[in-house]
Amino acid sequence: MPCSTIRPDSITRIRWASRIVDSRCAITKLVRRARSGERAAETTFVASEHYEDIVPVRDTRASAFLTVQRGCDYRCTFCIVPMTRGPERSRTLADVVREAQGLVEGGVSEVTLLGQTVNSYHDGTHDFADLLRAVGAVPGVRRLRFTSPHPNDFSDRVIAAMAEVAACCEYVHLPVQSGSDRVLKRMLRRYTRAGYLEVVRRLRDAIPGVTLSTDFIVGFPGESDADFEETLSLVREVEFDSAFTFRFSPREGTPATRLPDAVPDDVSAQRLDRLIAAVREISRARNAAVVGETFEVLVEGPAPRGPQLQVRSRHFRSALLDGPASWVGSYRMVRFTGTTGATFTAVPVAPMLAVVGAGA
């Protein structure tokens, strides 16, 4: 458990499952030391630790995250994860399925599988395609998502499972980071622009209507104006539904800090503004195209602002809906009536269809 610290006054906030992990687990040792009044910290890796026997404490909600993998075997030059979380370790398929079953028993119907490169999951016997099929087959799992995948790990088996498992949502977060082969090579991303576009094509061929989001880093050391223009052209070619955009920020201990040709801050800031504008323009157009259509949505909870409810479609489109608090946790059929560019407004469709879960 890297860089973990537990203070004695935090003990009351830690709730363990009845089947506590054995004494070899770093967390257990930390708790024991903290209970004795010692301020304890653990910064070393134990490659065999996976925390499979710890039952996470969760709020009662219809949607939940389920960790299936820790660490990463990719070594992107900008990323600190291999140093802070160690090599990739996957939980057993059986253990993941047991936790998914427990989530359903607790009222969860939407499960998001988590891993640093989640689609490279392999427990020694089963790959990510097997995992999708197994969790998707758990009675009560109505929606299945995952994040974050790596473009290199979308095998034919994985894409087939995504297309064939009814619970798998028609949405993929597909990080790209740059549209330039030269920058991708310096990032050690292990794919080319053409290879990334081929993954996009295969996903769209197999899953009609799939929505795509991505990650971009601008201002990576050595990124030229021409490299950045290739990123903008990739945005226009793929037409992402949304994107998380960042300026390069050096992390101590990563190879990128040793790369020459740093991009000036004012240049990277200007590039970021241009990238955000390009993404927003395409996102608004794609969102406007689905206004008037009907979707099944999960009522996630109160909207961040105002009296409305926040709902989300299988395509990960978020909307605001008027309705009672008793609808939270249920599924409703709605029609999208408008969009601000990022969020939709919606109205219920009568008669009410596909209503299940809490508050139904």
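Below, the structure is looked at part by part. (Residues numbered from 1 in each chain as written. Predicted model: local features only at pLDDT ≥ 70, side-chain atom pairs only at ≥ 80, totals over all residues. Heavy atoms only, no water.)

### Overview of helix α4 (residues 128-136)
For an α-helix, 3.6 residues make a turn, and residues three or four places apart therefore share a direction.
Phase 1 of the analysis: All of the buried residues in α4 are Phe128, Ala129, Leu131, Leu132, Val135 and Gly136. Considered in projection along α4, the buried side chains sweep an arc of 160° and stay on one side of the axis.
Phase 2 of the analysis: Where α4 is buried, its residues touch α3 (93-105), β6 (110-114), β7 (143-147) and α5 (156-164). (Buried < 20%, exposed > 50% of the residue type's maximum accessible area, 1.4 Å probe, protein only. Helix = DSSP H or I, 4+ residues; strand = E, 2+ residues; numbered from the N terminus. Arc of directions from axis to C-beta. Contact = heavy atoms within 4.5 Å.)

### Regarding the sheet that holds β6
Phase 1 of the analysis: Read across the open sheet, the three strands follow the order β3-β6-β7; overall the sheet is parallel. Edge positions in the sheet fall to β3 (63-67) and β7, since each has one partner strand and no second. Neighbour-to-neighbour, the strand axes of this sheet turn through a mean angle of 25°, independent of strand direction.
Phase 2 of the analysis: When β6 meets β7, the two strands line up parallel, connected through five bridges. Its bridge partner being in β7, threonine 112 is matched across the sheet by arginine 145.
Phase 3 of the analysis: Sitting on the sheet, α3 is in contact with β3 and β6, with an inclination near 165° to β3. (Pairing = 2+ DSSP bridges. Axes fitted to C-alpha atoms, helices over the stretch in contact; angles between N-to-C directions.)

### Focus: unusual backbone geometry
Phase 1 of the analysis: Residues threonine 147 and serine 148 are joined by a peptide bond in cis, for which omega reads -5°.
Phase 2 of the analysis: In this structure, leucine 188 is a non-glycine residue whose phi angle is positive, near 60°.
Phase 3 of the analysis: Tracing the sequence through the fold places leucine 188 in the loop between α6 (181-187) and α7 (193-206).
Phase 4 of the analysis: Although it is not a glycine, glutamate 239 sits at a positive phi angle of roughly 60°.
Phase 5 of the analysis: For glutamate 239, the location among the structural elements is in the loop between α8 (225-238) and β10 (242-247).

### Thoughts on the packing of α8 against helix α9 (residues 265-288)
Phase 1 of the analysis: In contact at an axis separation of 9 Å, α8 and α9 are set at 15° when each is read in the N-to-C sense. On the basis of their axis angle, the class for α8 and α9 is roughly parallel. Crossing handedness for the pair α8 and α9: right-handed. Where α8 approaches α9, its residues Asp225, Phe228, Glu229, Thr231, Leu232, Val235 and Arg236 are matched on the opposing element by Arg271, Arg274, Leu275, Ala278, Val279 and Ile282.
Phase 2 of the analysis: Of the residues assigned to the contact of α8 with α9, the class counts are seven nonpolar, one polar and five charged. (Parallel < 35°, antiparallel > 145°, perpendicular 65-115°, else oblique. Left-handed = near helix turned anticlockwise from the far one by under 90°. Nonpolar A, V, L, I, M, F, W, Y, C, P; charged D, E, K, R; others polar.)

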